[in-house]
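Chain by chain, the residues run as shown.
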Amino acid sequence: MSYGDKWMAVLFSDEKKWNLDGPDWNIKYWHDLRKEPRSFSSRQSGGGSVMVWAAFGLKGQVGLAFIDGRQNSPKCIETLENHLMQFAGNIGGRNWKYQYDNAPSHTSSATKNCLNSKNVTVLEWLPMSPDLNPFENVWGFMSGKVYENGGQFYSVNALKASIESVWYNLEPEILQTLIMSMEKRVYDVLLKNGKTLYY
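Residues numbered from 1 in each chain as written. Predicted model: local features only at pLDDT ≥ 70, side-chain atom pairs only at ≥ 80, totals over all residues. Heavy atoms only, no water.

## Description of the side chain of Thr-111
Reasoning step 1: The residue Thr-111 is located in helix H4 (residues 109-117) in this model.
Reasoning step 2: Residue contacts for Thr-111: discarding those within four places in its chain leaves Ser-73, Cys-76, Ile-77, Leu-80, Tyr-100, Ser-105 and His-106. (Helix = DSSP H or I, 4+ residues; strand = E, 2+ residues; numbered from the N terminus. Contact = heavy atoms within 4.5 Å.)

## A few points about helix H5 (residues 135-146)
Reasoning step 1: Over its 12 residues, H5 runs 16 Å from end to end, which matches the ideal 16 Å to within 8%, given 1.5 Å per residue.
Reasoning step 2: The element H5 is largely enclosed, with a buried count of nine among its 12 residues.
Reasoning step 3: Within the span of H5, buried status applies to Phe-135, Asn-137, Val-138, Trp-139, Gly-140, Met-142, Ser-143, Gly-144 and Val-146.
Reasoning step 4: Each element contacted by the buried residues of H5 is listed here: strand S1 (10-19), strand S2 (49-57), helix H6 (156-168), helix H7 (172-180) and helix H8 (182-191). (Expected span 1.5 Å × (residues − 1). Buried < 20%, exposed > 50% of the residue type's maximum accessible area, 1.4 Å probe, protein only.)

## Points about the environment of Ser-165
Reasoning step 1: Checked against the element boundaries, Ser-165 lands in helix H6.
Reasoning step 2: Assessed through its relative accessible area of 40%, Ser-165 is described here as partly exposed.

## Quick word on H8
Reasoning step 1: All of the buried residues along H8 are Met-182, Arg-185, Val-186, Asp-188 and Val-189. Angular distribution of buried residues about the axis of H8 spans 165°; they occupy a single face of the element. In H8, those exposed residues whose orientation departs by more than 90 degrees from the buried face are Lys-184, Tyr-187, Leu-190 and Leu-191. (Arc of directions from axis to C-beta.)

## Re the pattern of salt bridges
Reasoning step 1: For the structure shown, the criterion picks out one salt bridge.
Reasoning step 2: Notably, a salt bridge pairs Lys-118 with Glu-81, separated by 3.9 Å at the nearest N-O pair. Placement of Lys-118 in the loop between H4 and strand S6 (121-122) and of Glu-81 in helix H2 (residues 73-92) is noted, with a sequence separation of 37 residues between them.
Reasoning step 3: Exposure remark for Lys-118: the relative accessible area of 33% places this residue in the partly exposed category.
Reasoning step 4: A residue is classified by how much of its surface remains accessible, and Glu-81, at 35% relative accessible area, is partly exposed. (Salt bridge = Lys/Arg side-chain N within 4 Å of Asp/Glu carboxyl O.)

## What about the nonpolar core?
Generally speaking, nonpolar side chains in soluble globular proteins are found buried as a group.
Reasoning step 1: Ranked by internal contacts, the top residues of the largest apolar core, which has 30 residues, are Phe-12, Trp-18, Val-138, Met-142, Leu-159, Ile-163 and Trp-167.
Reasoning step 2: Secondary-structure elements contributing two or more residues to this core are S1, S2, H5, H6, H7 and H8.
Reasoning step 3: Here the element with the most residues in this core is H5; it accounts for five residues.
Reasoning step 4: Setting aside chain neighbours within four positions, we find Met-142 in contact with Trp-18, Ile-163, Val-166, Trp-167 and Leu-170.
Reasoning step 5: By size, the runner-up hydrophobic cluster in this structure holds 15 residues, among which are Ala-55, Ile-67, Ala-88 and Leu-115. (Core = buried A, V, L, I, M, F, W, Y, C linked by side-chain atoms within 4.5 Å.)

Now the structure itself:
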């Protein structure tokens, strides 16, 4: 198995806060550099948000988890048990590995013990490494769809429905291409000594 092939057995995960009234005002988001950046209208509908956890691998994506309130260790463990573990084998294969960032809820002893008890191999991951996580590209693509034409939402349920629709209708080729880019991403980050990349 080549170094590049190893990424094909990885399940990538991330969390994102979605606002009813559009992306955070000074948001940095990933976009196709061949296209003009999108502009989003200013806040009008008074705030409110939902927190979403998601994961994907070469063979597809895991069901979304909507997290109530702030993410903490118990909620992280609940998400792993109810969402990741149910789908991981189907999406990651027999010897899959798990990637997540170094948020405190991920690196807590309770979360580590939970993953260890289920024999989950976790990739070592650098803090503050958005260029290495293909999920940043996924969130950027999804934001463009969810908030298309300056879209805003007047209920949490409507926002959730839009996020789910975009997530479950992602073309598999988008996710596969991002995973296939991992070897080059790592190489480019090393080449630039960790400085920001622009994809």
